[in-house]
Amino acid sequence: VNRYAKHIIMHLVKYPVPVTWGGNKNIKNLVLAQPTIKPYTPGAKEFGLHCATDAAPGDQAGGLTGGVIMLAGGVIDTISTRQHLAGPDTHSLEVVAAGTVMHHLVPLRGLLQEARVPQVAASPTYIDSASTVFVAKGRAAPKKSAWIRRRVEVLNDNFEEGEADPIAIEDRDNFADPQTKRLT
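Structure report, in brief. The structure presented is a predicted model; accordingly, all values stated were derived computationally and were not measured.

1. Digging into the nonpolar core
In this structure, Leu49, Ile69, Val95, Leu105 and Leu155 are the most contacted members of the largest nonpolar core, which totals 22 residues. Listed by contribution, the elements that provide at least two residues to this core are β4 (63-71), α2 (90-114), α3 (130-136) and α4 (146-160). At six residues, α2 tops the list of elements feeding residues into this core.

2. Comments concerning the sheet that holds β4
The five strands are arranged β5-β4-β3-β6-β7 in an open sheet whose pairing can be described as mixed. Edge positions in the sheet fall to β5 (74-82) and β7 (164-168), since each has one partner strand and no second. Averaged over all adjacent pairs, the angle separating strand axes in this sheet is 20°, with direction ignored. Pairing analysis gives eight bridges linking β4 to β5, with the strands arranged antiparallel. Looking across to β5, one finds that Ile69 is bridged to Asp77. In the packing of α2 onto the sheet, contacts are made with β3 (50-57), β4, β5, β6 (123-127) and β7, and the angle to β3 comes to roughly 155°.

3. Here's the deal with the pattern of salt bridges
Going through the model one piece at a time under the given rule, you end up with five salt bridges. Notably, a salt bridge pairs Lys137 with Asp165, separated by 3.7 Å at the nearest N-O pair. Of this pair, Lys137 sits in the loop between α3 and α4 while Asp165 sits in strand β7, and the two are 28 residues apart along the sequence. Note on Lys137: relative accessible area 41%, which makes it partly exposed. Asp173 is the partner of Arg172 in a salt bridge, and the nearest nitrogen-oxygen pair spans 3.4 Å. If you follow the salt bridges from partner to partner, you end up with Asp54, Asp177 and Lys181 in one network.

4. Notes on the side chain of Gln119
Residue placement: Gln119 occurs in the loop between α2 and β6. Exposure remark for Gln119: the relative accessible area of 12% places this residue in the buried category. A polar contact of 3.2 Å, which involves the side chain of Gln119, links it to the backbone oxygen of Val117. Setting aside residues up to four positions removed in sequence, Gln119 forms contacts with Leu49, Arg109, Leu112 and Gln113.

5. Regarding helix α1 (residues 2-14)
Residues spaced three or four apart along an α-helix point in a common direction, a consequence of the helix completing one turn every 3.6 residues. In this model, α1 (13 residues) spans 18 Å end to end at C-alpha, consistent with the 18 Å of a helix rising 1.5 Å per residue. Little of α1 is tucked away: zero of the 13 residues are buried.

6. What about α2?
For α2, with 25 residues, the first-to-last C-alpha span of 37 Å sits near the 36 Å given by 1.5 Å per residue. In the segment just after α2, Arg116 is the residue with positive phi, at about 65°.

7. Details of the pairing of β6
Burial analysis of β6 places five of its five residues in the buried class, the great majority of the element. Both faces of β6 are covered, namely the face carrying Ser123, Thr125 and Ile127 and the face carrying Pro124 and Tyr126. As paired strands, β3 and β6 are joined by three bridges and run parallel to one another. Among the inter-strand pairings, Cys51 is bridged to a residue of β6, identified as Thr125. Strand direction decides the pairing type here: β6 and β7, joined by five bridges, are parallel. Bridge pairing in β7 links Ile127 to Ala168.

What counts, and where the lines are drawn
Residues numbered from 1 in each chain as written. Predicted model: local features only at pLDDT ≥ 70, side-chain atom pairs only at ≥ 80, totals over all residues. Heavy atoms only, no water. Core = buried A, V, L, I, M, F, W, Y, C linked by side-chain atoms within 4.5 Å. Buried < 20%, exposed > 50% of the residue type's maximum accessible area, 1.4 Å probe, protein only. Helix = DSSP H or I, 4+ residues; strand = E, 2+ residues; numbered from the N terminus. Pairing = 2+ DSSP bridges. Axes fitted to C-alpha atoms, helices over the stretch in contact; angles between N-to-C directions. Contact = heavy atoms within 4.5 Å. Salt bridge = Lys/Arg side-chain N within 4 Å of Asp/Glu carboxyl O. Polar contact = N/O pair within 3.5 Å; in protein donor to acceptor, adjacent residues only side chain to side chain. Expected span 1.5 Å × (residues − 1).

It is worth stressing that arrangement in space is one thing and function is another; only the former is reported here.
Quick look at the structure:
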């Protein structure tokens, strides 16, 4: 074990670059572009870890949560589930959806870090609710109930720890929309 550990350390010292892929002509790495490339940008794709969240009122008591997590230009995790509790408004549904997606995002960031794909920048998290982005970036914003404050804590912690960067996005550009509603 000691010998293998020494060989691994020697390799990492000699080759400190992140893992790359794409063949000889089109080499890409999985580190986020700086600045981040927004979804549907003509001629460019984000190859780093990024995600989108969406929520919609359900036909039952609870709402619907939708989320898509992408890496290397492709989907690696998709979430489409019913929320267990009824939210008093659309904002509450969006907060619950964003928290659920962040619960999936954080372990993936850790896994990528272990696989030598540095997670230095926060993962862009696209949310089509401006009020959810607002409460995710500030602890003083939520003034509803204790229930919604607990859910907002997930968003605040991930933003402050640099795990996720909530970004407002237009509803038509949100690639998590098909997880919560039919699109024409």
